[in-house]
Amino acid sequence: MNTPIFNRVVVIGPGLIGSSILRRIQKDRSIALYTVAADTNPQVCERVRELAIADEVYQDPVQSVKDADCVVLAIPVGAMGEVAKNIIPHMKKGAILTDTGSTKESVIKAIEPYVTSDIVFVPAHPMAGTEFSGPDAGFESLFENRWCLITPTPHTTQAGIDKITKFWQAMGTNIRILDIKHHDKVCAIVSHLPHLIAFTICNTADSLEDEARSEVLDYAASGFRDFTRVASSDPTMWRDVFLNNREAILEMLARFTEDAQAMAKAIRWKDEDYITQTIQKGRRIRKSLIDNKQLQ
Ligand SMILES: NC(=O)C1=CN([C@@H]2O[C@H](COP(=O)(O)OP(=O)(O)OC[C@H]3O[C@@H](n4cnc5c(N)ncnc54)[C@H](O)[C@@H]3O)[C@@H](O)[C@H]2O)C=CC1
Ligand SMILES: O=C(O)C(=O)Cc1ccc(O)cc1
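The name given to the protein chain in an unreviewed UniProt entry is Prephenate dehydrogenase/arogenate dehydrogenase family protein, with the source organism recorded as Commensalibacter oyaizuii.

A separate point is helix α4 (residues 80-87). Residues of α4 that are buried: Met80, Gly81, Val83, Ala84 and Ile87. With its buried residues spanning 165° around the axis, α4 presents them on a single face.

Any covalent bond linking the sulfur atoms of two cysteines counts as a disulfide. Summed over the entire model, instances satisfying the criterion amount to 0 disulfides. Take Cys148: it sits in no disulfide, and the sulfur closest to it among the cysteines is that of Cys187, at 11 Å.

On the basis of which strands lie adjacent, the open sheet formed by 8 strands has the order β3-β2-β1-β4-β5-β6-β7-β8 and mixed pairing. Taken across any chain shown, the strands that pair with only one partner, and hence form the sheet edges, are β3 (56-58) and β8 (174-177). Each adjacent strand pair in this sheet contributes to an overall mean axis angle of 25°, direction not counted. Where strand β6 (residues 120-126) meets strand β7 (residues 147-150), 3 bridges bridge the pair, whose relative direction is antiparallel. In the strand pairing of β7, Ala124 is matched with Ile150.

Turning to the site of ligand 2, a few remarks are in order. Around ligand 2 lies a shell formed by Ser102, His125, Ala128, Gly129, Thr130, Glu131, Ser191, His195, Arg229, Met237 and Trp238. Here an oxygen atom of ligand 2 and a side-chain polar atom of Ser102 are 2.7 Å apart. At 3.0 Å from an oxygen atom of ligand 2 is found a side-chain nitrogen or oxygen belonging to Arg229. When the free accessible area of ligand 2 is taken as 340 Å², the share hidden by the protein chains comes to 82%. Every element with two or more residues in the shell around ligand 2 is listed here: α7 (180-206) and α10 (235-244). The residue inventory of the shell around ligand 2, partitioned by class, reads 3 nonpolar, 6 polar and 2 charged. Counting contributing residues per domain, the shell around ligand 2 is built from domain 1 (6-178) and domain 2 (182-291), each supplying no fewer than three.

All right, on to the side chain of Arg23 then. Within the secondary structure layout, Arg23 lies in helix α1 (residues 16-27). Despite its burial, Arg23 pairs with no opposite charge, the nearest such side chain being Asp136 at 5.2 Å. Only 2.7 Å separates the side chain of Arg23 from the side chain of Ser19, close enough to count as a polar contact. Within the structure, Arg23 has its side chain in polar contact with the backbone oxygen of Gly138 (distance 3.3 Å). Those residues in contact with Arg23, other than ones at most four positions away along the chain, are Leu51, Ile53, Pro135, Asp136, Gly138, Phe139 and Glu140.

What counts and what doesn't
- Residues numbered from 1 in each chain as written.
- Chains lettered and ligands numbered in written order.
- Predicted model: local features only at pLDDT ≥ 70, side-chain atom pairs only at ≥ 80, totals over all residues.
- Heavy atoms only, no water.
- Buried < 20%, exposed > 50% of the residue type's maximum accessible area, 1.4 Å probe, protein only.
- Helix = DSSP H or I, 4+ residues; strand = E, 2+ residues; numbered from the N terminus.
- Arc of directions from axis to C-beta.
- Disulfide = S-S within 2.5 Å.
- Pairing = 2+ DSSP bridges.
- Axes fitted to C-alpha atoms, helices over the stretch in contact; angles between N-to-C directions.
- Near = heavy atom within 4 Å.
- Polar contact = N/O pair within 3.5 Å; in protein donor to acceptor, adjacent residues only side chain to side chain.
- Areas by Shrake-Rupley, 256 points an atom, 1.4 Å probe, with all protein chains shown as cover.
- Nonpolar A, V, L, I, M, F, W, Y, C, P; charged D, E, K, R; others polar.
- Domains from an automatic or database assignment.
- Lys, Arg positive; Asp, Glu negative; His and termini not counted.
- Salt bridge = Lys/Arg side-chain N within 4 Å of Asp/Glu carboxyl O.
- Contact = heavy atoms within 4.5 Å.

Right, dumping it as structure tokens:
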């Protein structure tokens, strides 16, 4: 076997993302020789033991990080700072701290003040997931053929970037190094705003008068069903995402609102060309995703 990328990897938060990482390592031990999971929820710890997807399981993140050469924070973005503050003093010199958070500027701001000179912090974000959460939701091929975005801070070393690049390549992802603010803008439009729209449209449908509401579920066409899939995502995770990428989400929402108003105007004034062009652009985006094999 090749030299493993890491000896001991600790995943804090073995939910959808964390347990998928653990499952992948279990299949490919050249990623890490030994795995540890830590979760403050005792039921999650119990389930991870039953599933036998980690070599060791702790309820206390502080105890779990001893001797680790890589610690992965896979917890909601609003919890990252506090956990980093508690674990960093117990981490081994030279160890890497990384995360999987959906927002980057706020996570970096929350973690950086606690990063000591002997720890390398490499912020990362796998662009892969589902609407499900928890340790049962994970699967080892989740990251296959997807992107992992790495957003180094001015203190992140090249050696740290190289290690986390290897780690995520072994998970099956392609890698892009992105500027932190740019990451948050891009994710606001491709991920955060679509979720905001899905949650909102389900609420709008639910707030219709009684007779229309009862029909929503009976006749739900596949477009509405697709929105309900996205809208069934975890409330804690998404509350944290919205509150931790406020500026970029509000900016993209304002642009979206302008475009929706333009569409409303086109419908009011029967502007066939505008309506047709808008639909055609949507179709082109879908086709380019299929052509680039981003959709199965
Ligand atoms: N769900 C998705 O599709 C994706 C999520 N992400 C990001 O990855 C992270 C994890 O997301 P998921 O795996 O979906 O969440 P999840 O809800 O499936 O798992 C999170 C786990 O963290 C644990 N946890 C919460 N606070 C904790 C704390 N203070 N200490 C220790 N454990 C704690 C929870 O008990 C839970 O088991 C989030 O930051 C999210 O933004 C990134 C890409 C995709
Ligand atoms: O399931 C979906 O629709 C997703 O969009 C998954 C997802 C959720 C959050 C991320 O930060 C990245 C990917």
